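Results of the structural survey
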Amino acid sequence: MAVDEKETGFVKEIRKQAGDFPGWYNDVVRKAQLADNSPVAGTMIVRPYGYALWENIRDPLDRLIKQTGHENWYFPALIPLSFLQKEKDHVAGFAPEFQLVTKGGGKDLEEPLVLRPTSETMIATVLRDYVQSYRDLPVLTNQWNNVFRWELKPRFFLRTREFLWQEGHTFHETASEAEQEVAKMLDCYRRIAEEWCAIPVLTGRKSESEKFAGAQYSTAIEGMMMDGKALQMGTSHYFGENFSRAYDLTYTGRSNEQQYPHSTSWGMSTRMVGAVVMAHGDDSGLQLPPRIAPVQVIVVPIFRSDVERTQIASALTGILDALDDIRVKVDWRDERPGFKFNEWELKGVPVRIEIGPRDLASGQVTVVRRLDRAKKPVPLAELQTTIPAMLEHIQEALFKRALEFRKGHTVRLDSLAAMVGFFEESIGFVITPWCGRAEDEQAVKEATMATTRVIDRELPPGSQACAVCGRPATVEVVWGKAY
RNA sequence: CGGGGCGUAGCGCAGCCUGGUUAGCGCGCCUGCUUUGGGAGCAGGAGGCCGCGGGUUCGAAUCCCGCCGCCCCGACCA
């Protein structure tokens, strides 16, 4: 059904996406009541609607983490500074982001405590006591918590000085088992992003310069936002024996020799909420994939008199029964229907049911989907099958649209000059052959602001020349401007 | 940390330059009536240490000094 010209641009409270994407994002987050500024610089208040959205991402991820054999733990938020200092690369990478607690009980502490930026150091230290034998391995831990990093340019959900996430930490007897773990958990993240959040992602290794401080290598899922910029939505790292050695975590192996376990870590954060906003939203506001939408169906009753109100209320009991397995909310507030339509569109609810006197008279309701505002009457008897099918369809349509968008904004190039031209005129990703040198990343960044996002695949030796410097390429890499 | 801007009602702002009785506007909020199929109208009402401290002055939101906080632009990151 075509959208009437007059039916666009309802939401006047938010800036337009085109032209001021960051401003649009900021407005949507606040007006849709996902989050708000807090009294403390760089931190945010996550409001109930935003937290419900996070829970709907968190819960399926928690199930995946448990299904893959991990157990939830909780480790302290305060970490002795000396713990962090034991792994050179790690402390070098995170030191600028430390927030310290130096006093307690009115006196200086003997040793400053760091508000955890991540827990590798604490967990390696603690597990020294729990891991004695190869029989104790693997140890598969996860924890849901908050972490602190002194970010310079805070953005709702994308970068704040305190954020929520899960961090998994595992310890294995062999390198290959640990590496399989890294890949397995990255795939869990891919599934959450694609199957739940309807955001297609690229997966692969990060370059040396983009990897996690202290890792042997890092992998990530990267999505494209509607401004063509890349957002890293989850990471999974292989540490080899780096942390085990730094924290003197050993076990007795099968041949009675002291061994260092191979460890991994992986995390996904509330940044996913920001990803959902930026991957699917439009000028009317949020657009939520049905599987994670806190409200999947909003019902707006329309009535003039108390009699009509009562009639609609009684018709609604049957409707709510039919939609038993769906997150339905009825908006009985004393506002005009038009106001409610706009507000729930701003909040991204996938499907709206309007029910008024005209509907009652013909035994139907009017169903409108957020996707394209397509409106159609549905007989009451068909709701039970129509609505779930519609939600499924919207979930798929959002994913396909995001996938088409990414494909339409991804090009293969083979020279720095072409890359410069692309990033000047266009938005999106560029794929090139690359030799892997950090100097090339620096050159590209200076010329285009783009950085390597993930390494797509290895190339046969000598098959192609690096797009940046012309040396023999070893990999195919994805470049993009990133959040 | 370097450059620019801003602090006045919950939010967005005017007033300041050129000091002067009761500090204003829009949105939002409260009450009532009329409304209700794409952001309602009218009437009434509540709400202010004018960022903080000091100074000048008979008198300061307004002028001067200091401080604090916030936002935007240049080096890190889930």
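Structure first, text after, so check above.
So, here's what we can say about the structure.

Structurally, the position occupied by N145 is in strand β7 (residues 139–148). Polar contacts involving the side chain of N145 include one to the side chain of Q143, which spans 3.5 Å. A polar atom in the side chain of N145 sits 2.8 Å from the side chain of E167. The contacts of N145, once residues within four sequence positions are left out, are Y74, R116, S119, F163, L164, W165 and E167.

Where helix α10 (residues 337–346) is concerned, the buried positions are K340, F341, W344, E345 and L346. Where α10 is buried, its residues touch α1 (21–31), β15 (297–301), β16 (328–330) and β17 (351–355). Looking at the residues trailing α10, positive phi occurs at G348, about 80 degrees.

The subject of this paragraph is the protein's contact with RNA strand B. The local shell around RNA strand B holds 38 residues, among which L152, Q232, R352, R358 and D359 are the closest. Sugar plus phosphate: this is where 41% of the atoms of RNA strand B within 4 Å of the protein reside. At 3.0 Å, a side-chain N or O of R304 approaches a phosphate oxygen of RNA strand B. R352 places a side-chain nitrogen or oxygen 2.6 Å from a base oxygen of RNA strand B. Mapped onto the surface near RNA strand B, the elements with two or more residues apiece are β11 (230–240), α10, β17 and α11 (357–361). Looking at which element gives the most residues to the surface near RNA strand B, the answer is α10, with six residues. Split by residue class, the surface near RNA strand B holds 13 nonpolar, eight polar and 17 charged.

All right, on to the sheet that holds strand β19 (residues 375–379) then. Taken together, the five strands give an open sheet; going across it, the order is β16-β15-β17-β18-β19, and neighbouring strands pair in mixed fashion. Either end of the sheet is taken by a strand with one partner, and the two such strands are β16 and β19. Each strand of the sheet is rotated relative to its neighbour by a mean of 25 degrees, with strand direction disregarded. Relative to β17, β15 is paired through five bridges, and the arrangement is parallel. Along β17, the bridge assignment pairs V299 with I353. Helix α9 (residues 306–322) rests against β15, β16, β17 and β18 (364–369) of the sheet, and its axis sits at about 145 degrees to β17. Each of β15, β17, β18 and β19 touches helix α12 (residues 383–408); the most contacted strand, β18, lies at about 5 degrees to it.

This brings us to the nonpolar core. One broad rule of soluble globular proteins: the nonpolar side chains tend to lie buried together. Ranked by internal contacts, the top residues of the largest apolar core, which has 56 residues, are Y25, L34, I57, F157 and M233. Listing elements by their share of this core, those giving two or more residues are α1, α2 (48–67), α6 (175–196), β11, β14 (262–269), α8 (271–280), β15 and α10. Residues lining this core come from more than one domain, with at least three contributed by each of domain 1 (21–280) and domain 2 (297–395). Once residues lying within four places of it in the same chain are set aside, the contact partners of M233 are A193, I199, V201, I221, G223, M225, M268, M272 and A275. Counting residues in hydrophobic clusters, the runner-up holds 26 residues, among them M122, V139, A213 and Y247.

Each value, and the rule that gives it
Residues numbered from 1 in each chain as written. Chains lettered and ligands numbered in written order. Predicted model: local features only at pLDDT ≥ 70, side-chain atom pairs only at ≥ 80, totals over all residues. Heavy atoms only, no water. Helix = DSSP H or I, 4+ residues; strand = E, 2+ residues; numbered from the N terminus. Polar contact = N/O pair within 3.5 Å; in protein donor to acceptor, adjacent residues only side chain to side chain. Contact = heavy atoms within 4.5 Å. Buried < 20%, exposed > 50% of the residue type's maximum accessible area, 1.4 Å probe, protein only. Near = heavy atom within 4 Å. Nonpolar A, V, L, I, M, F, W, Y, C, P; charged D, E, K, R; others polar. Pairing = 2+ DSSP bridges. Axes fitted to C-alpha atoms, helices over the stretch in contact; angles between N-to-C directions. Core = buried A, V, L, I, M, F, W, Y, C linked by side-chain atoms within 4.5 Å. Domains from an automatic or database assignment.

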